Amino acid sequence: MKILKRISILLMVFVLMLNVSVSPQDETDAKPFGIVIHGGAGNMKKGEMAPEKEKAYQEKLKEILTTGYNILKNGGTSLDAVETVIRMMEDSPLFNAGKGAVFTAEGTNELDASIMEGKTLNAGAVAGVKRVKNPISLARMVMEHSPHVMMAGDGAETFAKKMGMTLVSKEYFFTKSRWERLQRIKKEMKKKKQKEKNKKFGTVGAVALDKQGNLAGGTSTGGMTYKRYGRIGDSPIIGAGTYANNRTCAVSATGWGEYFIRSVVAYDISALMEYKGLSVKEAAHMAIKKVGDLKATGGVIAIDSSGNIAMPFNTSGMFRAYKINDGKLVIKIYKDESEANKK
Ligand code: ASP
């Protein structure tokens, strides 16, 4: 009897050892992970964009998405993936963030960005900065190296310098196409005495889930062309333009900022999931419907802690791309090709 007991104990220890040595690897490999990015929503009908321009967007989105995906695939954090891909979009003149940001009515560039970590609910944001090459990185510094969540204007730039960030000249952000757009809008405003409208949005954003099960989200923008008086949109506002919570999802928004602030869009999606038990798709679609009911336009990207995603928008297009687990890399621009848009 004694011998039998000993053998069974030995067997149990052996089985336990086997489990310990095998399972962590297996579990990590099986963990869902993925990334979704957007480059802004707006009026972009199929066939209207020059084919070379369309190709340039597609190639850039592919390059950026692949970089972010590889960070996650190699075990990197969702926060690193989000910051890296947003930096790349800020550096590309194709998008309304960093270089290529739209102009204010005064002909300047004022940049907003925010980032949030789903595990800790830590967040950082900057608003109205004029000389920071990569506002998303400054937002992360605010989160990690200050007791604050949001810094604005000159103060944010002083902090950037203190953190050893290189500031660029204001001319760095200039692009001819955005400048011409400002001139067009100025003319239109004079002629028709129009109310401020925003037909075409920019803004970039990313949401990611890493193999450790942590979510992160971030957004960066030049805001809206012809903005005035230090106007700040939804992008740097935690809960409006960006939100991340491991219990629910990570969200990044693009669209008419004033309405996204009033609708608290990003947090609304998380709250609908947390308190009402909606799926990420249902919650994101509901939030965009609510924005639409206010007669505003835009879209969001969202990912939940199991790797399910949503990318609803109520404009004719939204630059977007995603890759989840070992799935296909998908890039989309127009509405009609959006499967994820159907509930
Ligand atoms: N949401 C941004 C803002 O209002 C603009 C955009 O998404 O294009 O500043």
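All values reported here derive from a predicted model rather than from experimental measurement.

Cut-offs applied
Residues numbered from 1 in each chain as written. Predicted model: local features only at pLDDT ≥ 70, side-chain atom pairs only at ≥ 80, totals over all residues. Heavy atoms only, no water. Helix = DSSP H or I, 4+ residues; strand = E, 2+ residues; numbered from the N terminus. Buried < 20%, exposed > 50% of the residue type's maximum accessible area, 1.4 Å probe, protein only. Contact = heavy atoms within 4.5 Å. Pairing = 2+ DSSP bridges. Axes fitted to C-alpha atoms, helices over the stretch in contact; angles between N-to-C directions.

This part is about the overall build of the protein chain. If you tally the helices and strands in the protein chain, you get nine helices and 12 strands. Classification of the 343 residues of the protein chain by burial places 54% in the buried group. Looking at the protein chain alone, contacts between residues at least 24 apart form 70% of all its contacts between residues at least 6 apart.

Looking now at unusual backbone geometry. Despite not being glycine, V264 has its phi angle at roughly 45°, a positive value. Inspection of the secondary structure assignment puts V264 in the loop between α7 (257-262) and α8 (265-276). Classification of V264 as partly exposed rests on a relative accessible area of 37%.

It is worth spelling out the sheet that holds strand β1 (residues 34-42) at this point. A sheet is described by the order of its strands in space; here eight strands give the open sequence β4-β3-β2-β6-β5-β1-β11-β12, paired in mixed fashion. Both edges of this open sheet fall to β4 (150-152) and β12 (330-334), since each of them pairs with a single strand only. Adjacent strand axes in the sheet meet at a mean angle of 10°, parallel and antiparallel pairs treated alike. Two strands pair when backbone bridges link them, and strand β3 (residues 123-129) and β4 are joined in this way by three bridges, in the parallel orientation. Paired with V126 across the two strands is M151, which belongs to β4. In the packing of helix α4 (residues 135-145) onto the sheet, the strands contacted are β2 (111-117), β3, β4 and β6 (215-221), and the crossing angle to β3 comes to about 130°.

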